[in-house]
Amino acid sequence: MRVEAKQEVEGTNKVMTGADLLIESLVAEGVDTIFGYPGGAVLPIYDAIYRSEAPFEHVLFRHEQGSIHAAEGYARVTGKPGVVLATSGPGATNLITGIADAMMDSLPLVVFTGQVARGVIGTDAFQESDILGITTPITKYNYQVKQIDDLPRIISEAFHIATTGRPGPVVVDIPKDISADLTTGDFDNHFDLPGYQPTEKPNPLQIVKLAEALGRAKRPVILAGAGVLFADAAEELKEFAERYDLPVATTLLGLGSYPGTGSQALGMAGMHGTYAANMAIYESDLLINIGARFDDRLTGNLEHFAIHAKVAHIDIDPAEIGKNIKTDIPVVADAKEALLALLSADITQPDITAWNEKIASNQQAFPLWYERSDQLLSPQWLLEQIYKETSGKAIVTTDVGQHQMWAAQFYAFDKPNRWVTSGGLGTMGFGFPAAVGAQLACPDDTVVAVVGDGGFQMTFQELAVVRERNLSVKVLIVNNEALGMVKQWQGSFYEGRYSESLFGFNPDFVKLADSFGVRGMQITKEADLPAALAEAFAYDGPVVIDCRVVKQTAVYPMIAPGKGIHEMIGVTK
Ligand code: FAD
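Residue indices begin from 1 for each chain and proceed along its sequence in written order. Under the rules for a predicted model, residues below a pLDDT of 70 receive no local features and side-chain atom pairs below 80 are neither given nor counted, while totals for whole chains, interfaces and linings still include all residues. As a rule here, side-chain values come from all non-hydrogen atoms in the structure, and water together with hydrogens is ignored.

K.L.:
Any details on the packing of aromatic side chains? Residues and values, ideally.
P.N.:
Two rings belonging to Phe, Tyr or Trp (six-membered ring only in the last case) form a pair when the distance between their centres is within 6.5 Å. Interplanar angles under 30 degrees mark stacking, angles over 60 mark edge-to-face geometry, and anything in between is tilted. Going through the model one piece at a time under the given rule, you end up with 16 aromatic pairs. Pairwise contacts between aromatic rings join F432, F456, F460, F509 and F516 into one cluster. It is K487 that lies over the ring of Y498; its NZ or CZ is 6.0 Å from the centre. In this scheme, Lys NZ or Arg CZ marks a charge over a ring once it lies within 6 Å of the ring centre and within 35 degrees of the ring normal. Here R519 stacks its cationic end above the ring of Y539, 4.8 Å away from the centre of that ring.

Here you go:
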């Protein structure tokens, strides 16, 4: 993640409130959007926003959870930190899921929470909650501001920490008296963090080891993760993979780090990955992991993961190396720096023609498949049609579950940072507000929120925001009247006991959209879909399309719990 040079706020000697100081600091950080919701403890801050002529916009969401997922969507597509503002107590606790989500997926957020006045902290004051205690395990760092003149420095540090090294969420808790009090402005935003120095440049000896291993390899494969995207290294990855003819598998969050339709692309690996990607990892003799954290959804049973391979792992966070998988060649570095070093290293072209032929034959023999329904709407076909209608160029956000996996499988991302999904925490309710944030960040892009009927019911209140601002987000509800992934697991591993996973009632999503002044459509048959999609994407405004899909369908291939990456089920019909 590249950080732009910041302005300095120094010694202006004006009399101003702490809240004004906060606004000045945000301007100095180049903030253009604040995702927020007001309340008692942040009234001085909202008053300062009202009075301010600062060049940023505050977007009022209808629930704090919506605001923070929107900030995550914004951060994912721009690479810039998402800035969130909420009040103390319930305002702050409503942000917890989003903070945990951002922590799991390494998204840069700076989250400002109001706090009760310093004099009453610890007295169970109205709307008091110990947000520092609550967020300590789910933030990269957190602060409570104790002195008004510390504000500029703390804010500068918060932005620096959120966006450098391995990105992550930082919370800044501001007691109400600090934002209300006056200061003369005798302050500055310089900071010094000697204990926080992320390693960006790779150790040259490790690069030599990796170069030698690659020259000798017979069955190498690259595993590309989100770290490639955070490092802005997609171009370097493409050059490296194509120069040496290396096959590239991606993680769920690494989609787009190498073009999905590129010559070396194997697609996603892992629990719902392609046969070719998973077998390439299983059979490889050199696995080059660039910016992936070997999550369990990716690896399956660790005892079977890449067991024939020498493992090289490039990651900016040393704590990730060797955490899950024994690593032979550790490279602690920014992925771009490591790839640049590899591109200028002396590497013998490996002799891998036979390996690439084997991979190509796996791709041909075992492609992704699904059963196309006679007339009804197959969800996988729906995703293929969205790809076609948007020429593969949309920003796609998803919720969590079956539709998320189908989007990952059937929408090929050729460009980085167009894919916005909740990977590590698996947060239902994420997809739609994340699309709102992405659309605010990229007003000229087509933004599609692919959501389930379950997830959409958790955060659909943000339709008010898209209506208010006429944001052109297209919401596609993959509606199977069930919690599809839960149902799939109950079907496969709990003998079909569908405990509480089937909805007895769903709202009429067309009328629901209508009640927000948003255009609603419903599709029940394949034949109606292409025209409906064309109309929806041509329409200049938000649309909700309720797509009634075939109910009995599962995500395949699948690695069952406890099984190895080579033990997929549902590889063929
Ligand atoms: P992250 O978790 O974001 O990790 C990124 C890594 O890059 C971190 O180790 C970080 O330290 C490092 N990094 C950050 N910045 C840099 C930098 N500048 N340079 C170098 N390194 C950097 N995932 C799959 O892959 N396959 C599946 O089949 C799958 N199925 C799923 C099913 C469901 C229903 C859900 C909800 C999730 C599923 N996931 C799957 C997602 C999975 O849980 C993880 O979120 C995902 O595998 C993590 O991908 P990642 O390691 O690339 O990204």
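K.L.:
Quick rundown of the site of the ligand? Include the residues and the values.
P.N.:
Around the ligand, 37 residues are found, and the nearest of them are T251, A269, R293, D315 and D334. Polar contacts, as used here, are pairs of N or O atoms within 3.5 Å; protein pairs need one atom able to donate a hydrogen and one able to accept it. Residues neighboring in sequence count only if both atoms are side-chain atoms. Here an oxygen atom of the ligand sits 2.6 Å away from a polar atom, N or O, in the side chain of D315. Secondary structure elements follow DSSP: runs of H or I of four or more residues count as helices, runs of E of two or more count as strands, with numbering from the N terminus. Taken together, the elements giving at least two residues each to the shell around the ligand come down to α10 (226-230), α13 (296-299) and α17 (402-410). The biggest single contributor to the shell around the ligand is α10, with 3 residues. Polar here means any residue other than Ala, Val, Leu, Ile, Met, Phe, Trp, Tyr, Cys and Pro, which are nonpolar, and Asp, Glu, Lys and Arg, which are charged; Gly is therefore polar. Of the residues in the shell around the ligand, the class split is 17 nonpolar, 11 polar and 9 charged. We define proximity as follows: a residue is near a molecule or strand when any one of its heavy atoms falls within 4 Å of that partner.

K.L.:
Could you give an account of the packing of helix α16 (residues 379-389) against α17, with specific residues and numbers?
P.N.:
For any two helices packed against each other, the geometry comes down to the angle between their axes and how far apart the axes lie. With their axes 9 Å apart at the nearest point, α16 and α17 run at an angle of 50° to one another. On the basis of the axis angle, α16 is oblique to α17. For the pair α16 and α17, the sense of crossing is right-handed. Note on element contacts: α17 touches α16 through W406, A407 and F410, opposite P379, Q380, L383, E384 and Y387. When grouped by side-chain class, the residues that make up the contact of α16 with α17 number 6 nonpolar, 1 polar and 1 charged. Fitted lines through C-alpha atoms give the axes, limited to the stretch in contact for helices. The angle between two N-to-C directions lies from 0 to 180 degrees. Between 65 and 115 degrees an angle is taken as roughly perpendicular, under 35 as roughly parallel, over 145 as roughly antiparallel, and anywhere else as oblique. Put simply, a crossing is left-handed when the front helix is turned counterclockwise from the back one by less than a right angle, and right-handed when it is turned clockwise. We call two residues in contact whenever any of their non-hydrogen atoms come within 4.5 Å of each other.

K.L.:
Go over the nonpolar core, please, and point to the residues and values.
P.N.:
The definition of a nonpolar core used throughout is a set of buried Ala, Val, Leu, Ile, Met, Phe, Trp, Tyr and Cys residues joined through side-chain atoms within 4.5 Å. Exposure categories follow from relative accessible area, calculated using a 1.4 Å probe and restricted to protein chains: below 20% of the type maximum is buried, above 50% is exposed, and the middle band is partly exposed. I222, F240, I281, L287, I290 and F305 are the most contacted members of the largest nonpolar core, which totals 60 residues. Element by element, the count of residues in this core is highest for helix α12 (residues 275-283), at 6 residues. Ignoring anything within four residues of it in the chain, the contact list for I281 reads V221, L223, A249, A269, L287, F305, A306 and I565. Among the nonpolar cores identified, the runner-up in size contains 48 residues, and I68, A86, I138 and L440 belong to it.

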